[in-house]
Amino acid sequence: MTKYRCTICGYTYDPAAGDPDGGIKPGTPFEDIPDSWACPVCGATKDLFVKA
């Protein structure tokens, strides 16, 4: 699965790890994350992420 990087702070979303604190289970592809999700580090919106 493809990782995505936040263009604001550099946080990398790894689908294998998910974002349990943000309600995203491990194994969740970036494309399946709700649009309301935000970067857990800086709060950037999903549209500010690019493929890593």
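Within each chain, residue numbers correspond to sequence positions counted from 1 in written order. With pLDDT at 70 or above as the cut-off, local features in this predicted model cover only qualifying residues; side-chain atom pairs require 80 or more to be listed or tallied, and sums for whole chains, interfaces and linings still use all residues. For side-chain calculations, the full set of non-hydrogen atoms in the structure is used, while hydrogens and water are omitted.

**Details of the UniProt feature "binding site: Fe cation" (unreviewed entry) in the chain**
Next up, step 1: Residues annotated by UniProt as "binding site: Fe cation" (unreviewed entry) correspond here to Cys-6, Cys-9, Cys-39 and Cys-42. These annotated residues cover 37 residues of sequence, and their C-alpha atoms lie no more than 8.9 Å from one another, placing them together at a single site.
Next up, step 2: When you line up the elements, Cys-9 lands in the loop between strand E1 (4-6) and strand E2 (12-13).
Next up, step 3: The class of Cys-9 is partly exposed, set by a relative accessible area of 35%.
Next up, step 4: For this analysis, residues touch if any pair of their heavy atoms sits within 4.5 Å. Cys-9 has contacts with Cys-39, Val-41 and Cys-42, leaving out every residue within four places of it along the chain.
Next up, step 5: Assignment of secondary structure puts Cys-39 in the loop between E2 and strand E3 (49-51). UniProt positions are given in the numbering used here, feature names are shortened, and annotations may be inferred rather than shown by experiment. Here a strand is any run of E in DSSP of at least two residues, a helix any run of H or I of at least four, and the numbering for each starts at the N terminus. Per-residue accessibility, obtained with a 1.4 Å probe over protein chains only, is compared with the maximum for each type, and a residue is labelled buried under 20%, exposed over 50%, and partly exposed between these values.

**Section: the side chain of Asp-19**
Next up, step 1: Position of Asp-19 among the secondary structure elements: in the loop between E2 and E3.
Next up, step 2: Two residue types count as positive, namely Lys and Arg, and two as negative, namely Asp and Glu; His and chain ends fall outside the count. Throughout this description, the term salt bridge denotes a Lys or Arg side-chain nitrogen within 4 Å of a carboxyl oxygen of Asp or Glu. Here Asp-19 is buried and forms no salt bridge, its nearest opposite-charge partner Lys-46 lying at an N-O distance of 12 Å.
Next up, step 3: Apart from residues no more than four positions distant in its own chain, Asp-19 is found in contact with Tyr-13, Ile-24, Trp-37 and Pro-40.

**Focus: the sheet that holds E1**
Next up, step 1: With respect to topology, three strands assemble into an open sheet ordered E2-E1-E3, the strand pairing being antiparallel. Only two strands of the sheet have a single neighbouring strand rather than two, namely E2 and E3.
Next up, step 2: Of the pairings in the sheet, the one linking E1 to E3 comprises three bridges and is antiparallel in character. Counterpart to Tyr-4 in the pairing with E3 is Lys-51. Note on pairing: DSSP must find at least two bridges between two strands before they are called paired.

**Section: the environment of Pro-15**
Next up, step 1: Its place among the elements puts Pro-15 in the loop between E2 and E3.
Next up, step 2: The sequence separation of Pro-15 and Ala-52 amounts to 37 residues, and the corresponding C-alpha distance is 12 Å.
Next up, step 3: Here Pro-15 is in contact with Met-1, Thr-2, Lys-3, Pro-26, Gly-27, Thr-28 and Pro-29, once residues within four sequence places are set aside.

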